[in-house]
Amino acid sequence: MASNEYYNQRPLQEGPTDTPYTAYSTPAPAYGHSSSSHLTPSGPSQGRTPSPSQQQGVTPSPFDTVFDDHAYPASTHQPTPASSMHRLSQYQDTSYHGHSPVSPDPYGRNPTDNIPLHDNPQRLSPKDAEMQDHVYDAPQTQKPRRGRVRFGELGMLGSGRKKFPFVVYFFTLVQVAVFIGEIAKYATLTGSPIQTKPTFNPMIGPSPYLLVNMGARFVPCMHNVDGIQNSEVGVIPWRCPNSTSLDDSLPENKCTLSELCGFGGVPEPAYQPGTPLSTKPEPNQWFRFIVPIFLHAGVVHIGFNMLLQLTLGRDMERSIGSIRFFLVYMSAGIFGFVMGGNFAGPLIASTGASGSLFGIIALTLLDLLYSWKDRMNPVKDLAFIIIDVVISFLLGLLPGLDNFSHIGGFLMGLGLGLCVLHSPNSLRRRIGTHDAPYASESVSGGFAVQGTPPSFFKNPIGFFKGRKPLWWAWWLIRAGALILVIVVFIVLLNNFYVYRTTCTWCNYLSCLPINNWCEDGFLKKNPTS
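Just so it is clear, the structure is predicted and the values come from calculations on it, not from any experiment. (Residues numbered from 1 in each chain as written. Predicted model: local features only at pLDDT ≥ 70, side-chain atom pairs only at ≥ 80, totals over all residues. Heavy atoms only, no water.)

Draft legend 1. Representation of the nonpolar core within the structure. Within the largest apolar cluster, 62 residues are counted, with the highest numbers of intra-cluster contacts made by Trp 238, Ile 293, Phe 325, Tyr 329 and Leu 363. Here this core gets ten residues from one element, more than from any other, and that element is helix H8 (residues 322–343). Among residues more than four places away in sequence, those in contact with Tyr 329 are Phe 171, Gln 175, Ile 293, Gln 309, Ala 353, Ser 356, Leu 357 and Ile 360. One finds Ile 361, Leu 368, Ile 385 and Phe 410 within the second-largest nonpolar core, a separate group that totals seven residues. (Core = buried A, V, L, I, M, F, W, Y, C linked by side-chain atoms within 4.5 Å. Buried < 20%, exposed > 50% of the residue type's maximum accessible area, 1.4 Å probe, protein only. Helix = DSSP H or I, 4+ residues; strand = E, 2+ residues; numbered from the N terminus. Contact = heavy atoms within 4.5 Å.)

Below is the structure:
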């Protein structure tokens, strides 16, 4: 209280003495000009004589303040106690009274800019709008929230950079167009767009003989088959693509293997006992490992596949990019048909993109495992994937379906996914690559642009420089997975074309042992019945 009265007491109304320093009431004059031309009397200093410094023409510096020792001119007489109190009462009013409205700033500045720590609303960014003290308050970096990945979302670091799903849309258009071609061709041959005779196709589509003629995986069109090349019953008649009956005497049920396979035909088997399977020439339509990806057995078949492809497949491609998605999609589909060609019944006409989509499901499982700690409910996500896989596997046990394509596609998706996907989130945070996107063009600039290593194709040597031991360990796992899938793929192809070794119990992975379902697809006395 005493200090407040002391510093805020009013100046005594006495005769003119030394002119007080009117700080803040008058702007500083231009440096180098006479102070008498700029000073404007204000307040109690009106009518007083200039100070000795002003009389001598000394120009004060614009950087002088009331706290500088040389701001006040030296007095030539010794002050008395009374005069000291009188001078103190004149110069001790240090409270801020605002800018004088009658004294414009000669520099054209806004008077409000002279207020210390004054917030300028025009200079505040939206995220700093609530920060009023820019001197003592610093923006706090928001820590990433754990468990931010919700159900059904991809959680791999870098997967948030969405891209256009070109491959999904292009493949979907092709597959729908091919299916329209299937039913149009079958309607032309039989008069009906779907098979209703001699049996009804539960998939609501054309007959399997038409699918064989259009490129389904059908082993007799790809190599010599035991029981056909060395047949003990003589020449085997094959059903034609337009077959609608079971009467073997009808012409529609007396096609050759070459007519059934189409695509220019294949060499006819010998149909003689004792003929070795290595006899040349032999059927070799190898493209039947690829073409069936774009064929489907009916409306139900293509409907379920396209629904999964346009949801799960689209999101996966947008996250990992079209190149990675294309590699996994095609590799999983081809590998599934190769595995089915080795272990499924040789007379099953296998079609569909199910193997490819099982490879995408495998990528989703890897994404879940990679981002386990970042998910809100990882157990729920895992249960959903397991239920989806189990249901699809059980459907593959029904007659006429090739469950090996599902199994092979899923295994290829796991193996190749380890190679093409980024490392797990926890590992990427430890090695410092947690912000690297999937797009190759975003990392091609190197460390200076994105803070990430350069692309391997841009700078192979720089790609491996400065890597941490954990990075090398994970890349050894990736290399091992790549080598494994390549070796298994070569072994299965070699077995399909050379050794033709079969597995007696593997057949039960694709059928249920009821009503002779497991005999479906295998050669009988009359293989076409």
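Draft legend 2. Region of interest: the UniProt feature "transmembrane region" (unreviewed entry) in the chain. UniProt annotation of "transmembrane region" (unreviewed entry) refers to residues 166–184, 286–308, 320–341, 347–370, 382–398 and 475–499 when read in the numbering used here. The span residues 166–184 is 100% helix and 0% strand, and its two end C-alpha atoms sit 27 Å from each other. A distance of 41 Å separates the end C-alpha atoms of residues 347–370, which is 71% helix and 0% strand. (UniProt positions renumbered as here; feature names shortened; annotations may be inferred.)

Draft legend 3. View of a nonpolar patch on the surface. Taken together, the side chains of Phe 164, Phe 166, Tyr 169, Phe 170 and Leu 310 define a hydrophobic patch exposed on the protein surface, amounting to about 510 Å² of accessible area. At three residues, helix H4 (residues 166–190) tops the list of elements feeding residues into the nonpolar patch. Relative to the helices and strands, Tyr 169 resides in helix H4. (Patch = residues over 30% accessible without salt bridge, like charges linked within 9 Å, V, L, I, M, F, W, Y side chains within 5 Å. Areas by Shrake-Rupley, 256 points an atom, 1.4 Å probe, with all protein chains shown as cover. Salt bridge = Lys/Arg side-chain N within 4 Å of Asp/Glu carboxyl O.)

Draft legend 4. Region of interest: the confidence of the model for the chain. Residues with a pLDDT of 70 or more make up 65% of the chain, whose mean pLDDT is 77. Mean pLDDT across the elements of the chain ranges from a minimum in helix H13 (residues 440–443), with 41, to a maximum in H4, with 97. Below a pLDDT of 50 lies the segment residues 85–89, which in the model reaches eight contacts outside its immediate sequence neighbourhood of four places, other chains included. (pLDDT = per-residue confidence, 0-100.)

Draft legend 5. Seen up close, unusual backbone geometry. Note the cis peptide between Lys 197 and Pro 198, where omega equals -5 degrees. Considering the arrangement of structural elements, one finds Pro 198 in the loop between H4 and helix H5 (208–213). Looking along the chain, the bond that leaves Lys 280 and enters Pro 281 is cis, with omega of -5 degrees. Position of Pro 281 relative to the elements: it lies in the loop between helix H6 (257–261) and helix H7 (299–320). Its identity is not glycine, yet Phe 263 carries a phi of approximately 55 degrees, on the positive side.

Draft legend 6. The arrangement of helix H9 (residues 354–370) in detail. End to end, H9 covers 24 Å across 17 residues, agreeing with the expected 24 Å (1.5 Å per residue, within 8%). With 16 of 17 residues buried, H9 is to be regarded as a mostly interior element. (Expected span 1.5 Å × (residues − 1).)

Draft legend 7. Expanded view of the environment of Leu 347. Note that Leu 347 resides in the loop between H8 and H9. Sequence separation between Leu 347 and Gly 400 is 53 residues, and the spatial gap between their C-alpha atoms is 9.8 Å.

Draft legend 8. Examining the pattern of salt bridges more closely. In the structure shown here, the tally under the stated rule is eight salt bridges. The salt bridge partner of Glu 282 is Lys 280, with a shortest N-O separation of 2.6 Å. Judged by its relative accessible area of 14%, Glu 282 falls in the buried class. The closest approach of N and O atoms between Arg 314 and Asp 315, which form a salt bridge, is 3.4 Å.

Draft legend 9. Here's a closer look at the side chain of Asn 253. Mapped onto the elements, Asn 253 comes out in the loop between H5 and H6. A distance of 2.5 Å separates polar atoms of two side chains, one belonging to Asn 253 and the other to Ser 243. From its side chain, Asn 253 meets the backbone oxygen of Asp 247 in a polar contact 2.5 Å long. Leave out the neighbours within four places in its chain, and Asn 253 touches Pro 237, Trp 238, Arg 239, Cys 240, Ser 243, Ser 245, Leu 246, Asp 247 and Asp 248. (Polar contact = N/O pair within 3.5 Å; in protein donor to acceptor, adjacent residues only side chain to side chain.)

Draft legend 10. Structural context of the state of the cysteines. As enumerated under the stated definition, the model contains four disulfides in all. Here Cys 221 is linked by a disulfide to Cys 261, with a sulfur-sulfur distance of 1.8 Å. One quick way to see it: the torsion about the S-S bond of Cys 221 and Cys 261 is about -85 degrees, and its sign makes the bridge left-handed. In this pair, Cys 221 sits in the loop between H5 and H6 while Cys 261 sits in helix H6, placing the two residues 40 residues apart along the sequence. With relative accessibility at 0%, the residue Cys 221 sits in the buried group. Paired through a disulfide, Cys 511 and Cys 518 show a sulfur-sulfur distance of 2.1 Å. Across the disulfide from Cys 511 to Cys 518, rotation about the S-S bond amounts to roughly 100 degrees, and the bridge is consequently right-handed. Of the two residues examined, Cys 511 and Cys 518, each falls in the buried class. (Disulfide = S-S within 2.5 Å.)

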